[in-house]
Amino acid sequence: MRPCHADSLLAGPPAGATLLRVVAKDGGAGFFALLLYALNQMIWADEWRVASYVQMGEWCADGQRNKYFDRVSGPNVWEYFFEPTAPPAWVRSAHAFQLDFKQLYALHHCVNSSIFSYPHGMYSYLRSPTWHYDDRWHSMMRARADAALARHVSIKPHVLERTRAFYRERILAQGVSKPLLGIHMRGTDKLNAIAGRIIQPSEYSALISQYLDRHPDALIYLATDSPVFLQQMKADRISSDRLVHYNALRTRRNAFADPNVTDHYKKGEDALVESLLLSCSNFLVKPASALSEFAVYFNPDLHGNTAELQYTSGALPPVQVLNAHFMSRRDGLRGMDRCARVLR
């Protein structure tokens, strides 16, 4: 890991600057990493009392192509999915600046006020020698993300309506009184050195069985990037007849990084819709992954109603977390009441 030295790199905006142009840090970033980079830049701009405007074009700060850039959809990837963060006319007249790659790296890895979706950079000690769950740390990061999303991010209506329509037609239509177990399985290109090992579908089985013992009428919403994991869950005799999944792009390599998948807009929309759908879970089972972590950011009520399978110490055993959930108010929520505020 590179050493964390942020103070000299992030000493403040240039003299007279009034606007931070928020950009994509690197071309290897998935959708929610890009969103996280944007949030951390906007938090930094707030601290220095300058405005911010997200402008994620075809190229990232590291010189790589933005994998979500779609020329037909427009010049700014952010505005495919989110409303502009400042009036365009004002942006054109502002004294703007942007952070370079080294500054963006420091901001994402080494700054106390940034959001970290999993332990890395200055918090790498929480996963060495093993992944250690710190509930206060997660609570702090989730509260910070919730506040930043509320302040800076407005999801475009067409994305919200696509999510609501799927939720109504594929989940609520099967019974508005049915509980919903959310499962996120991250496979394909997940790297052990970055976000931990791949959690196999078999490692979810005990919690799924426990949940269905309590709620035999429950539905299971599965979000996964892996076509192999999806097929395994479809073949599972316990979960197959109640499994719901979104028609997202999936390849063995990971659709977002697969050059054979050319619908770059859908890559991003799929990720956002899947995270929003997970936010409607009564209970969520997840690995360390930004997509399902953002489901908790969108719906903070899931903190305490989520089983974290990546962590080997620090947390209550997942079975105990689920038992506590069964005694909670959230276990009884149904319909839109259990979803993120932005969907209601």
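In the block above lies the structure referred to throughout.
Quick caveat, the model's predicted, so the values are computed rather than measured.

About the cut-offs
- The residue numbering used here restarts from 1 in each chain and proceeds along that chain's sequence as written.
- For this predicted model, a pLDDT threshold of at least 70 governs which residues receive local features, and a threshold of 80 or more governs which side-chain atom pairs are given and counted, while totals over whole chains, interfaces and linings are taken from all residues.
- Only hydrogens and water are removed before side-chain values are computed, so all heavy atoms of the structure are retained for them.
- Helix and strand definitions follow DSSP, with helices as H or I runs of at least four residues and strands as E runs of at least two, each counted in order from the N terminus.
- Any pair of nitrogen or oxygen atoms within 3.5 Å is treated as a polar contact; in protein, a donor-acceptor pairing is required on top of that, and neighbouring residues in sequence qualify only through side-chain atoms on both sides.
- In what follows, a contact means two residues having at least one pair of non-hydrogen atoms within 4.5 Å.
- Every axis corresponds to a line fitted to the C-alpha atoms, with the helix fit spanning only the stretch in contact, and the corresponding angles, defined between N-to-C directions, vary from 0 to 180 degrees.
- When describing relative orientation, an angle under 35 degrees is termed roughly parallel and one over 145 degrees roughly antiparallel, while 65 to 115 degrees is termed roughly perpendicular and anything else oblique.
- The crossing is said to be left-handed when, going from far helix to near helix, the turn is anticlockwise and less than a right angle, and right-handed when the turn is clockwise.
- The residue classification treats Ala, Val, Leu, Ile, Met, Phe, Trp, Tyr, Cys and Pro as nonpolar and Asp, Glu, Lys and Arg as charged. All others, Gly included, are polar.
- Paired rings are identified among Phe, Tyr and Trp, the last through its six-membered ring, by centres lying within 6.5 Å, and are further divided according to the angle between planes into stacked (under 30 degrees), edge-to-face (over 60) and tilted (the rest).
- Take a side-chain nitrogen of Lys or Arg and a carboxyl oxygen of Asp or Glu: if they are within 4 Å of each other, that pair is a salt bridge.
- A 1.4 Å probe rolled over the protein chains alone gives each residue an accessible area, and that area as a share of the maximum for its type sets the label: buried under 20%, exposed over 50%, partly exposed in between.
- The definition used for a disulfide is geometric: two cysteine sulfur atoms within 2.5 Å.

Peer 1: Talk me through the side chain of Ser113; I want residue IDs and the actual numbers.
Peer 2: Counting through the fold element by element, Ser113 comes out in the loop between helix H4 (101-110) and helix H5 (135-152). Polar side-chain contacts of Ser113 include one of 2.6 Å to the side chain of Glu47. Discounting chain neighbours no more than four positions away, the residues touching Ser113 are Ile43, Glu47 and Arg144.

Peer 1: Describe the packing of helix H10 (residues 264-278) against helix H11 (residues 290-298), with residues and values.
Peer 2: When two helices pack together, their arrangement is given by the angle between the helix axes and by the axis-to-axis distance. One way to put it is that H10 packs onto H11 with a least axis distance of 8 Å and a crossing angle of 55 degrees. Comparing their axes, H11 and H10 come out oblique. In terms of crossing hand, the pair formed by H10 and H11 is right-handed. Counting all contacts with H10, which are made through Ala271, Leu272, Glu274, Ser275, Leu276 and Leu278, the residues of H11 involved are Leu291, Ser292, Phe294, Ala295 and Phe298. For the contact of H10 with H11, the per-class residue count stands at eight nonpolar, two polar and one charged.

Peer 1: Could you give an account of the packing of aromatic side chains, with specific residues and numbers?
Peer 2: Tallying each qualifying case throughout the model produces 24 aromatic pairs. Through successive ring pairs, a cluster of aromatic residues spans Phe31, Phe32, Tyr68, Trp78, Tyr80, Phe81, Phe82, Phe256, Tyr265, Phe294, Tyr297 and Phe298.

Peer 1: Give me the pattern of salt bridges: which residues, what numbers.
Peer 2: Taken as a whole, this structure holds 19 salt bridges when the rule is applied. Measuring nitrogen to oxygen at the nearest pair gives 2.7 Å for the salt bridge that ties Glu293 to Arg142. Note that Glu293 is positioned in helix H11 and Arg142 in helix H5, a separation of 151 residues in sequence. Relative accessible area serves as the criterion here: at 5%, Arg142 is assigned to the buried category. For the salt bridge of Glu308 with Arg142, the shortest nitrogen-to-oxygen distance reads 2.6 Å. Here Glu308 is found in strand S8 (residues 306-308), whereas its partner Arg142 is found in helix H5, with 166 residues between them in sequence. Both residues of the pair, Glu308 and Arg142, belong to the buried class. Look at the salt bridges and you will find they share partners, linking Arg142, Lys286, Glu293 and Glu308 into a network.

Peer 1: Got a sec to walk through the state of the cysteines? Specific residues and values, please.
Peer 2: This structure, assessed with the given rule, holds one disulfide. Between the sulfur atoms of Cys280 and its disulfide partner Cys339 the distance amounts to 2.1 Å. On the sign convention where negative means left-handed, the S-S torsion of about 115 degrees between Cys280 and Cys339 marks this disulfide as right-handed. Taken together, the residues span a long stretch of sequence, with Cys280 in the loop between H10 and strand S7 (283-286) and Cys339 in the segment after helix H12 (318-326) at a distance of 59 residues. Assessed through its relative accessible area of 1%, Cys280 is described here as buried. In this structure Cys339 comes out as buried when scored by relative accessible area, which is 0%. Distance from the sulfur of Cys60, which forms no disulfide, to the nearest cysteine sulfur (Cys110) is 20 Å. According to the relative accessible area criterion, Cys60 is buried, its value standing at 7%.

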